[in-house]
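Listed below are the residues making up each chain.
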Amino acid sequence: MATKNRTVGKELLTTNSTIYTVPPRFVASVDSIIISNANSSAVTFSLDWYDSKTTTFYTIAEQVTIGGYSYLQILDGFILQPNDTLRGLASVASVITISVRVKEEYLTAPQ
């Protein structure tokens, strides 16, 4: 199986924005998510993932407060299937940045 390591990033808005979508014919292992606040004040963010097979959103973090000029890291990984997505939003636009490190593995047979 071919493997590709990627890091993707996104500045969050006040409405849900897609951060990452697993390509078709790939499975992705999410190894790390870093959430950083570039604002001097505390801001809240929410993060969830979408299971494309069941068309269901699952909450990872809901209205979590992150202090000014600080970051947090999620190291407990999980697996996403083809076309699954991560999305997020923040209470203030363009001050929260999400960086996601994934390992994508090519599926030799369709799922």
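Refer to the structure presented above.
J.: Kindly report on the packing of aromatic side chains, identifying the contributing residues and their values.
T.: Evaluated as defined, the whole model comprises three aromatic pairs. Ring geometry for Phe26 and Tyr106: centres 5.4 Å apart, planes at 70 degrees, overall edge-to-face. Of this pair, Phe26 sits in strand E3 (residues 26–37) while Tyr106 sits in strand E9 (residues 96–106); the two residues are 80 residues apart in sequence, bridging distant segments of the chain. A ring pair is formed by Tyr50 and Phe57, whose centres lie 4.6 Å apart and whose planes are at 45 degrees; its orientation type is tilted. We classify Phe57 as partly exposed; its relative accessible area is 39%. Directly above the aromatic system of Phe26 lies the positively charged group of Lys4, at a separation of 5.5 Å from the ring centroid. A cation over an aromatic ring shows up here: Arg87 above the ring of Phe57, its NZ or CZ 3.6 Å from the ring centre.

J.: Talk me through the pattern of salt bridges; I want residue IDs and the actual numbers.
T.: Under the criterion given, the structure shown has three salt bridges. A salt bridge links Arg6 to Glu104, with the nearest nitrogen and oxygen atoms 3.1 Å apart. Note that Arg6 is positioned in strand E1 (residues 3–11) and Glu104 in strand E9, a separation of 98 residues in sequence. Take Arg6: its relative accessible area is 30%, and that puts it in the partly exposed class. Residue Glu104 is classed as buried on the basis of its relative accessible area, which comes to 0%. With its nearest N and O atoms 2.9 Å apart, the salt bridge here joins Asp48 to Arg87. On the criterion of sequence distance, the pair formed by Asp48 in strand E4 (residues 43–51) and Arg87 in strand E8 (residues 85–90) is long-range, its members being 39 residues apart. Arg87 gets classed as partly exposed once you look at its relative accessible area, which sits at 22%. Counted as one network, the salt bridges with shared partners bring together Lys4, Arg6 and Glu104.

J.: Could you give an account of the sheet that holds strand E5 (residues 56–66), with specific residues and numbers?
T.: Spatially, the four strands line up as an open sheet ordered E2-E8-E4-E5, and their pairing is antiparallel. What marks the edges here is a single partner per strand, and that holds for strand E2 (17–21) and E5. This sheet shows a mean twist of 20 degrees between the axes of neighbouring strands, independent of strand direction.

Reading the values: rules and limits
Residues numbered from 1 in each chain as written. Predicted model: local features only at pLDDT ≥ 70, side-chain atom pairs only at ≥ 80, totals over all residues. Heavy atoms only, no water. Phe/Tyr/Trp six-rings, centres within 6.5 Å; stacked < 30°, edge-to-face > 60°. Helix = DSSP H or I, 4+ residues; strand = E, 2+ residues; numbered from the N terminus. Buried < 20%, exposed > 50% of the residue type's maximum accessible area, 1.4 Å probe, protein only. Lys NZ or Arg CZ within 6 Å of the ring centre and 35° of its normal. Salt bridge = Lys/Arg side-chain N within 4 Å of Asp/Glu carboxyl O. Pairing = 2+ DSSP bridges. Axes fitted to C-alpha atoms, helices over the stretch in contact; angles between N-to-C directions.

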